[in-house]
Amino acid sequence: MAFPKQVRLVEMSPRDGLQNEPGPVIATAIKTGLIDRLADCGLTHIEAASFVSPKWVPQMGDAAEVMAGIHRKPGVCYSALTPNLKGFENALAAGVDEVAVFGAASESFTRKNINCSIAESLERFAPVVEAARNHGIPVRGYVSTVMGCPYEGDIAPAKVAEVARALYDMGCHEISLGDTIGVGTPLKAKRMLDAVAAHVPVEKLAAHFHDTYGQALANLYAVLEDGVAVIDASVAGLGGCPYAKGASGNVATEDVLYLLNGLGINTGVDLNKLVATGHWICQQLGRHNGSKVGQALGGNCQ
Ligand SMILES: CC(C)(COP(=O)([O-])OP(=O)([O-])OC[C@H]1O[C@@H](n2cnc3c(N)ncnc32)[C@H](O)[C@@H]1OP(=O)([O-])[O-])[C@@H](O)C(=O)NCCC(=O)NCCSC(=O)C[C@@](C)(O)CC(=O)[O-]
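By convention here, each chain's residues receive numbers from 1 onward along its written sequence. Owing to the predicted nature of the model, reporting of local features is limited to residues with pLDDT of at least 70; listing and counting of side-chain atom pairs is limited to 80 or more, with chain, interface and lining totals taken over all residues. The basis for the side-chain values is all heavy atoms of the structure; hydrogens and waters are excluded.

Looking at an unreviewed UniProt entry, the chain carries the name hydroxymethylglutaryl-CoA lyase, with the source organism given as Marinobacter lutaoensis. Quoted straight from UniProt, the Catalytic activity (unreviewed entry) entry for the chain says "(3S)-3-hydroxy-3-methylglutaryl-CoA = acetoacetate + acetyl-CoA". A UniProt comment under Pathway (unreviewed entry) is attached to the chain, and it reads "Metabolic intermediate metabolism; (S)-3-hydroxy-3-methylglutaryl-CoA degradation; acetoacetate from (S)-3-hydroxy-3-methylglutaryl-CoA: step 1/1." UniProt positions are given in the numbering used here, feature names are shortened, and annotations may be inferred rather than shown by experiment.

Okay, structure coming up:
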């Protein structure tokens, strides 16, 4: 299959990027400043917040204030995680454009992340998807641990396909496949994608790869070849997962954009502005910039 002509980048940094940041809770103004800058870069889909329990993920405790504080740019979809109906109702009140339910292909990870089994998670998501449908809000579905689990090791592609299919059949319009701990390699990525694409159309799939082992760009190249045209990424490579110790951030958006530009694939995103945004947020957080392209084009901020 040929590379797609266009890729939609889904920006993860305000949610996946910041949810695991150590230290005190990041000021709401920094979060909204980041989101507004990202929109100004030309990103059209920004995961802005997470309506989860603040006891579980304190960094996301100001999700409603974040949604209230951003300057909404027309044409941009501001989405948020909603693990249950309570989260959905809060997200609805905050005016999100899209919600996301998040499951996993590993029983142990599901238990650690959302405190239930895979089957129970799907039961919990069904009313969220139904409520969202009643309000005309699209739902994204995540499947975590698609290429390995911090507790169980290897995950069978057939299990990933089963959970992805269940979320798609439930009514999720897009399924994002998360290599939560970044252990995938291109061959593994292709095998996993093949298994899922036998059940969910490839144009409904997104790649959400973490870069723990430095394989994320290679894995993205592999799934781009097989028709994936939606990529999740996080500026400056911010992030990690609170329930996956040692996992590094999503692949850096700057690095993905540089790859896509080199392949002649259109995204509508401005690389220079994105690099500046990566440096800005690193300065705000006093954090190392995890983007190679950011370092090459703008110097490191630490
Ligand atoms: C799912 C729950 C809530 C279950 O948590 P639980 O303790 O089983 O739920 P519960 O229903 O028994 O509620 C416990 C308390 O939480 C409250 N509560 C319950 N729900 C909410 C809510 N929505 N918003 C605010 N508060 C909530 C509820 O009201 C109650 O409060 P209390 O009575 O103790 O004061 C919890 O496990 C949780 O919040 N987990 C969050 C996990 C998380 O955010 N993980 C990171 C995101 S996933 C990820 O990063 C992976 C991804 C998507 O990026 C893809 C990849 O890379 O693989």
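Moving on to the overall build of the chain. A run of DSSP states H or I qualifies as a helix once it reaches four residues; a run of E qualifies as a strand once it reaches two. Both are numbered from the N-terminal end. Scanning the chain from terminus to terminus reveals twelve helices and eight strands. Projected onto its principal axes, the C-alpha coordinates of the chain cover approximately 45 × 40 × 35 Å. Using a 1.4 Å probe on the protein chains alone, a residue whose accessible area is under 20% of its type maximum counts as buried, one over 50% counts as exposed, and one in between counts as partly exposed. Counting the 302 residues in the chain, one finds 57% classified as buried. Here, two residues are considered to be in contact whenever any of their heavy atoms come within 4.5 Å of each other. Once local pairs closer than 6 in sequence are excluded, the contacts in the chain between residues at least 24 apart make up 74%. When the accessible surface of the chain is summed, it comes to about 11,700 Å², and 53% of that surface belongs to carbon and sulfur atoms. Using the Shrake-Rupley algorithm and a 1.4 Å probe, accessible areas are obtained, with residue cover drawn only from the displayed protein chains.

Further remarks concern the site of the ligand. Proximity is defined per residue: any heavy atom of the residue falling within 4 Å of a molecule or strand makes that residue near it. Close to the ligand lie 28 residues, the nearest being Gln-19, Asn-113, Asn-115, Ser-144 and Thr-180. Each polar contact in these results corresponds to two N or O atoms within 3.5 Å; when the atoms are within protein, one needs to be able to donate a hydrogen and the other to accept it, and residues that are neighboring in sequence are counted only if both atoms are side-chain atoms. One of the backbone N or O atoms of Gly-87 is found 3.3 Å from a nitrogen atom in the ligand. Within the contact set of the ligand, a nitrogen atom lies 2.8 Å away from a side-chain nitrogen or oxygen of Asn-113. Within the complex, the protein chains bury 76% of what would otherwise be the 1,100 Å² of accessible surface of the ligand. When contributions to the shell around the ligand are tallied by element, the ones reaching two or more residues are α1 (13-17), α4 (85-94), α5 (107-114) and β5 (139-144). Any residue outside Ala, Val, Leu, Ile, Met, Phe, Trp, Tyr, Cys, Pro, Asp, Glu, Lys and Arg is labelled polar, Gly included; the first ten of those are nonpolar and the last four are charged. Tallied by class, residues from the shell around the ligand come to twelve nonpolar, eleven polar and five charged.

A word on the pairing of strand β7 (residues 205-209). With five of five residues buried, β7 lies mostly within the body of the structure. Going residue by residue along β7, you find Leu-205, Ala-207 and Phe-209 tucked away on one face and Ala-206 and His-208 tucked away on the opposite face as well. Of the pairings in the sheet, the one linking strand β6 (residues 174-179) to β7 comprises five bridges and is parallel in character. Bridge pairing links Asp-179 to Phe-209 in β7. Running through helix α8 (residues 186-197), the crossover from β6 to the neighbouring parallel element β7 is right-handed. Following DSSP output, two strands are said to pair if at least two bridges run between them. Sheet topology note: the β7/strand β8 (residues 230-233) ladder contains two bridges and is parallel. Orient the strands so they point away from the viewer, and a crossover whose first-strand-to-second-strand path over the helix runs clockwise is right-handed.

Here we come to the side chain of Glu-47. Relative to the helices and strands, Glu-47 is located in strand β2 (residues 45-50). Exposure remark for Glu-47: the relative accessible area of 0% places this residue in the buried category. Here the side chain of Glu-47 touches Arg-15 through a polar contact of 2.6 Å, side chain to side chain. Within the local environment of Glu-47, its side chain forms a polar contact with the side chain of Tyr-142, the two groups lying 2.6 Å apart. Leaving out residues up to four positions away in the same chain, Glu-47 has contacts with Glu-11, Met-12, Pro-14, Arg-15, Ser-79, Ala-80, Leu-81, Ala-100 and Tyr-142.

By the element assignment, Ala-48 lies in strand β2. On the basis of relative accessible area, Ala-48 is assigned to the buried category, the value being 4%. Sequence-wise, Ala-48 and Ile-30 are 18 residues apart; in three dimensions their C-alpha atoms are separated by 12 Å. With residues near it in sequence (within four places) discarded, Ala-48 still touches Pro-14, Ile-35, Val-66, Met-67 and Ser-79.

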